[in-house]
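The lines below spell out each chain.
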Amino acid sequence: MALEAIRLIFKYLPESYEFGGKAVKAREKMAYASCIADMAFANAFLGLCHSMAHKLGSAFHIPHGLSNALLISHVIKYNATDKPLKQTAFPQYKYPIAKERYARIADYLNLKGKTQDEKVKKLIEAIEELKEKLNIPKAIKDLGISEEEFYARLDQIAEYAFDDQCTPANPRYPLISEIKQLYINAYHGKL
């Protein structure tokens, strides 16, 4: 379900965004993608991106979807490791397979690449291209949030994201310092 939702989003979201109500088929496909994505994460849970998006959105009044979009590439890059410092408390697998799963998404989207690392890189590039088509800012700072305001809240939102109900389902269990660094990277748009 997740793979099909992702495919539909990549295929139909730009048209739906660009043409709005005139793109009837694209909007129908996006409604379908939303429905099956919800079913997928109801069964598989969410992870760090959503935890961080909950707290970022709350602190700075950013819509949840936009918060996720600002963070997703950073979290994918973070999760796509063969040697996490710590796995989640209730891993579904003996060894981390996030990179393998991201590579599978890249394959499903026909993004090419020979190795898992190449495929993850291609996936992140495709996400960034999609965000550009949708006029999504590259960095949190592009929303007009000053460095002073961001850094004043950074420690608190990082701690709150660590404690969020979605964090334990992330394949790589983060340290608060790692969450903080992911926020900093997203603030400056540094992948």
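Basis of the calculations
- Residues numbered from 1 in each chain as written.
- Predicted model: local features only at pLDDT ≥ 70, side-chain atom pairs only at ≥ 80, totals over all residues.
- Heavy atoms only, no water.
- Phe/Tyr/Trp six-rings, centres within 6.5 Å; stacked < 30°, edge-to-face > 60°.
- Buried < 20%, exposed > 50% of the residue type's maximum accessible area, 1.4 Å probe, protein only.
- Helix = DSSP H or I, 4+ residues; strand = E, 2+ residues; numbered from the N terminus.

Looking up the protein chain in an unreviewed UniProt entry gives the name Fe-containing alcohol dehydrogenase-like C-terminal domain-containing protein, with the organism given as Thermosipho affectus.

Undergrad: Is there a simple way to think about the packing of aromatic side chains in this case?
TA: Any two aromatic rings considered together are summarised by their centre-to-centre distance and by the angle between their planes. Applying the stated criterion across every chain, the model contains 5 aromatic pairs. A ring pair is formed by F150 and Y151, whose centres lie 5.2 Å apart and whose planes are at 85 degrees; its orientation type is edge-to-face. Relative accessible area serves as the criterion here: at 34%, Y151 is assigned to the partly exposed category. Look at F150 and Y187: their rings are 4.3 Å apart centre to centre, the planes differ by 20 degrees, and that puts the pair in the stacked class. Of this pair, F150 sits in helix α7 (residues 147–163) while Y187 is found in helix α8 (residues 176–188), placing the two residues 37 residues apart along the sequence. The same class applies to F150 as to Y187, namely buried. Taken together, the ring pairs in this structure connect F60, F150, Y151 and Y187 into an aromatic cluster.

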